[in-house]
Every structure is written in C-alpha cells, then in structure tokens.
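Listed below, chain by chain, are the residues.
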Amino acid sequence: MQPIQLFELASRQAQWLTVRQNVVAGNIANANTPHYKAKDVKPFESVLQNTGIQMAATNKAHFTESLAASQVAEVGMLDGVQIQQSGNSVAIEQEMMKTGEIKRDYELSAGLVKAFHRMMLMTVRK
C-alpha cells in the first residue's frame, strides 16, 4: 500500500496560497507608492515540480510543461495595464481578481481535503 500524499500536497498548496495572498496584499498596499513594481508568485505547478511527488498521467502529453522553481517575481506588462505617471505598475482590478482566485483555490483545496478525510473515516469505521 502506498502512502497517501494528498494531505502533504494540500499543505504545500496552502503555504503557496498564503505566500501569494501576502504578495497580492503587498501590491494593493503599495498601489500609490511611486515606482513600485507589481509582484506575483510563480504558478503552483512549479512547486509540484520540486516536491518529488509524481502525478499520474493517463496520456503521454499530460504534465509535460517545463516549470521553474516557485518564487516571487515582478510582473511584466499585462494587456490593458498602464504604468502610472508615478512609475507604479499595480492594477487594483487585477489584484482584486487575484484575491478572488486565491480564495476560490483555498476553498476548493479545503473542500477536497475535508471530503477525502470523511471518506477515509468511513473506511476505518467499517
């Protein structure tokens, strides 16, 4: 029987979401700071690359994307985002959308862990 790594993976994602929420909050807090460059965290998939957990693939084309290490980086110019006269590149609308994504991802992850935990408890009771 192989160990269940769902809880470890969920924990790593929760840590990543925490870092991303802090970065987004920092962007929002510095929305009026002259010459502040918006930042974001590289995708969670890059964290998966470094975990050593191999995801199952049902097709050879699955999970073939090359991923870099997870870290905070400045965000490049995005479509429709203009640098303000002060040199600031924070777009409040996009940062608020990111907070919505973070909330949705956290709720999804927490719901999956809760459902999996209930499922495990049902198998132990019988």
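Before reading further, recall that the structure is shown in the block above.
Below: a short report on this structure. Just so you know, these numbers come straight off a predicted model, no measurement behind them.

### Some details on the layout of surface pockets
Thinking step 1. Quantified by volume, the second largest pocket comes out at close to 200 Å³.
Thinking step 2. For the second largest pocket, the lining is made up of 12 residues, of which L6, L9, Q13, S109 and L112 are closest to its centre.
Thinking step 3. Those elements that provide at least two residues to the lining of the second largest pocket are α1 (6–29), α2 (44–51) and α3 (92–125).
Thinking step 4. Considering each element in turn, the lining of the second largest pocket owes the most residues, 5 residues, to α3.
Thinking step 5. Considered class by class, the residues forming the lining of the second largest pocket number 9 nonpolar, 2 polar and 1 charged.

### Let's talk about the packing of aromatic side chains
Thinking step 1. A full pass over the atoms with the stated rule returns 2 aromatic pairs.
Thinking step 2. Taking 5.7 Å as the distance between ring centres and 55° as the angle between the ring planes, the aromatic pair formed by W16 and F44 counts as tilted. Of the two residues, W16 is situated in helix α1 and F44 in helix α2; the sequence distance between them amounts to 28 residues.

### Brief notes about unusual backbone geometry
Thinking step 1. A positive phi is found at H35, a non-glycine position, where the angle reads about 65°.
Thinking step 2. Tracing the backbone through its elements, the reader meets H35 in the loop between α1 and β1 (39–41).

### Brief notes about the pattern of salt bridges
Thinking step 1. Tallied over the entire structure, the rule returns 7 salt bridges.
Thinking step 2. E101 is paired through a salt bridge with R20; the nearest N and O atoms lie 3.4 Å apart. Highlighted residues: E101 in helix α3 and R20 in helix α1, separated in sequence by 81 residues.
Thinking step 3. For K103, the salt bridge is made with E107, and the minimal N-O distance between the two is 2.8 Å. Remark: E107 and K103 occur in helix α3; sequence separation between them is 4 residues, near one turn of the helix.
Thinking step 4. Residue classification places K103 among the exposed positions, given a relative accessible area of 53%.
Thinking step 5. Through salt bridges with shared partners, a single network forms among R20, D40, E95, K98 and E101.

About the criteria used
- Residues numbered from 1 in each chain as written.
- Predicted model: local features only at pLDDT ≥ 70, side-chain atom pairs only at ≥ 80, totals over all residues.
- Heavy atoms only, no water.
- 1 Å grid on protein atoms, 1.4 Å probe; cavity = no way out; pocket = protein on both sides within 12 Å on 5 of 7 lines; lining within 4 Å.
- Points joined across faces, edges and corners; volume = space filled by probe spheres on them.
- Helix = DSSP H or I, 4+ residues; strand = E, 2+ residues; numbered from the N terminus.
- Nonpolar A, V, L, I, M, F, W, Y, C, P; charged D, E, K, R; others polar.
- Phe/Tyr/Trp six-rings, centres within 6.5 Å; stacked < 30°, edge-to-face > 60°.
- Salt bridge = Lys/Arg side-chain N within 4 Å of Asp/Glu carboxyl O.
- Buried < 20%, exposed > 50% of the residue type's maximum accessible area, 1.4 Å probe, protein only.

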